[in-house]
Protein chains: 2
Amino acid sequence: MESFQEAHLLAGETCSGRLTPETCSVTRTLAFVGSKWTPLVIFRLRSGPRRYGELLQLLPGISPKTLADRLQTLEAEGLLTRTVHPDKPPRVEYALTGRGRGLSDILDAIADWAVA
Amino acid sequence: MESFQEAHLLAGETCSGRLTPETCSVTRTLAFVGSKWTPLVIFRLRSGPRRYGELLQLLPGISPKTLADRLQTLEAEGLLTRTVHPDKPPRVEYALTGRGRGLSDILDAIADWAVA
DNA sequence: CCGTATCCCTACCGATACTG
DNA sequence: CAGTATCGGTAGGGATACGG
């Protein structure tokens, strides 16, 4: 039990000493997963790879800048892959990684918790 | 499977139609759980009820205003209870609700995912 | 088609001082 | 002790126009 604490200790974070937002892996995770549109982007990629333009349509109201930002962040965090196909016109596909699917399972748990 | 989708449908949210940040229960949850210090406040309450001043000490670097704001939000969301004991000097205790513990279990899952 | 560049705005968050 | 009041900085996010 107290796995929240254990997980932090595993990550080399000190619980009895200082535990700040900057050293907390949960805070860090929520900081980018919690940014606007990010859960919906992940959700839209669960059914398979999607192109930039497709995502723009599937997420009515998002701006191109915001979508690009979310995709870059998620790629940097290793949650999705960006694949450029050498076609004309250019074709770019985004797909969840295994790690991204792992996070989407947690989003499932949150959805269940929220409606319960 | 696809419980992320199912959970949204359960909540009366339309997946095939419009799914915006404003109508997404996951986005809404992460919007306040993801705010700075919130996970750590929850973490500090897992071991039992705490007083305002105790939390202030247990969370080095947090400002009284921010702590008060987090506690009020968490109370409004039903994640903790605020109990005023009629003592002199005044004594106020905060304790996680069952729902709050449910969310802290999800934070556990996030911590595990983050270090894996 | 797939993004970037630019501008702006506001909502979050922190520091500090003060009160019931 | 347990907060509120006030002020100010900053980073996130949106609208729009433009570039490779």
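Residues numbered from 1 in each chain as written. Chains lettered and ligands numbered in written order. Predicted model: local features only at pLDDT ≥ 70, side-chain atom pairs only at ≥ 80, totals over all residues. Heavy atoms only, no water.

## A short note on the protein's contact with DNA strand C
Piece 1. Near DNA strand C lie 21 residues; those nearest to it are Gln-72, Arg-82 and Tyr-94 of chain A together with Lys-65 and Arg-70 of chain B.
Piece 2. Within 4 Å of the protein, the contacting atoms of DNA strand C are 62% sugar and phosphate, with bases supplying the remainder.
Piece 3. Within the contact set of DNA strand C, a phosphate oxygen lies 2.3 Å away from a side-chain nitrogen or oxygen of Arg-82 of chain A.
Piece 4. Arg-70 of chain B places a polar side-chain atom, nitrogen or oxygen, 2.7 Å from a phosphate oxygen of DNA strand C.
Piece 5. For the surface near DNA strand C, the secondary structure elements donating two or more residues are helix H4 (52-58), helix H5 (64-76) and strand S3 (91-96) of chain A together with helix H5 (64-76) of chain B.
Piece 6. Within the surface near DNA strand C, the residues separate by chemical class into nine nonpolar, five polar and seven charged. (Near = heavy atom within 4 Å. Polar contact = N/O pair within 3.5 Å; in protein donor to acceptor, adjacent residues only side chain to side chain. Helix = DSSP H or I, 4+ residues; strand = E, 2+ residues; numbered from the N terminus. Nonpolar A, V, L, I, M, F, W, Y, C, P; charged D, E, K, R; others polar.)

## As for the UniProt feature "domain: HTH hxlR-type" (unreviewed entry) in chain A
Piece 1. Cross-referencing UniProt, the feature "domain: HTH hxlR-type" (unreviewed entry) maps to residues 24-116 of chain A in the present numbering.
Piece 2. Here residues 24-116 of chain A is 59% helix and 15% strand, with 27 Å between the C-alpha atoms at its ends. (UniProt positions renumbered as here; feature names shortened; annotations may be inferred.)

## A few points about the protein's contact with DNA strand D
Piece 1. Close to DNA strand D lie 20 residues; Lys-36, Lys-65 and Arg-70 of chain A together with Arg-82 and Tyr-94 of chain B are nearest.
Piece 2. Looking at DNA strand D alone, sugar and phosphate atoms form 64% of those within 4 Å of the protein.
Piece 3. In this structure, a base oxygen belonging to DNA strand D sits 2.4 Å away from a side-chain N or O atom of Lys-65 of chain A.
Piece 4. Interatomic distance of 2.9 Å between a side-chain N/O atom of Arg-51 of chain B and a phosphate oxygen of DNA strand D.
Piece 5. For the surface near DNA strand D, the per-class residue count stands at nine nonpolar, four polar and seven charged.

## Considering the pairing of S3 of chain A
Residue and element names in this part refer to chain A.
Piece 1. In this structure, strand S1 (residues 50-51) lies alongside S3, joined through two bridges in antiparallel fashion. Bridge pairing in S3 links Arg-51 to Glu-93.
Piece 2. The sheet contact formed by strand S2 (residues 80-85) and S3 spans six bridges and is antiparallel. Each residue of the ladder has a partner; that of Leu-80, found in S3, is Leu-96. (Pairing = 2+ DSSP bridges.)

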